[in-house]
Amino acid sequence: MNTAAGKQLPITVYSRPGCPYCYLLRRSLKRRKLAFTEVDIWTDPAAAAAVRAVADGNETVPTVHVAGQWLVNPRAALVATLARP
């Protein structure tokens with residue numbers, strides 16, 4: 001995947017509708033010109049299960065998978081650092 005700043009690793013953002021923290025993370029990632037795939041955990045049971053598995057049984061969003069790591073409610077700066085090795 002290419003961005004204006006160069007290559008980046010895939011980013012998957014797990015979210016749900018109306019989540020203000022998800023909105024803020026998406027906005028920050030877009031400002032950093034990072035491409036990402038978004039998955040709604042309310043419509044994808046497998047995604048909800050994945051989030052529960054890494055968030056102590058909770059459906060905490062946003063949860064991000066990047067560079068082989070799961071991040072629960074991360075800052076965009078950390079996601080950017082991991083996505084651009």
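Everything below is about the structure printed above this text.
Here the structure is a predicted model, which means the values were calculated and not measured. (Residues numbered from 1 in each chain as written. Predicted model: local features only at pLDDT ≥ 70, side-chain atom pairs only at ≥ 80, totals over all residues. Heavy atoms only, no water.)

### Description of the pairing of strand 6 (residues 69-72)
Pairing of strand 5 (residues 63-66) with strand 6 involves 4 bridges; the strand directions are antiparallel. Bridge pairing in strand 6 links valine 66 to glutamine 69. The hairpin formed by strand 5 and strand 6 contains 2 residues between the paired strands, and alanine 67 there has a positive phi angle of roughly 55°. (Pairing = 2+ DSSP bridges. Helix = DSSP H or I, 4+ residues; strand = E, 2+ residues; numbered from the N terminus.)

### Points about unusual backbone geometry
Of the consecutive residues valine 61 and proline 62, the connecting peptide bond is found in the cis state with omega at 0°. On the secondary structure map, proline 62 appears in the loop between helix 2 (45-54) and strand 5. Although it is not a glycine, lysine 33 adopts a positive phi angle of roughly 60°. By the secondary structure assignment, lysine 33 is in the loop between helix 1 (20-31) and strand 4 (37-40).

### Observations regarding the sheet that holds strand 3 (residues 11-15)
Strand order in the open sheet formed by 4 strands is 4-3-5-6, and the pairing between neighbours is mixed. Every interior strand has two partners, whereas the edge strands, strand 4 and strand 6, have only one. When strand polarity is set aside, the average angle formed by the axes of neighbouring strands in this sheet is 20°. Packing of helix 1 onto the sheet brings it into contact with strand 3, strand 4 and strand 5, and relative to strand 3 it is tilted by some 160°. (Axes fitted to C-alpha atoms, helices over the stretch in contact; angles between N-to-C directions. Contact = heavy atoms within 4.5 Å.)

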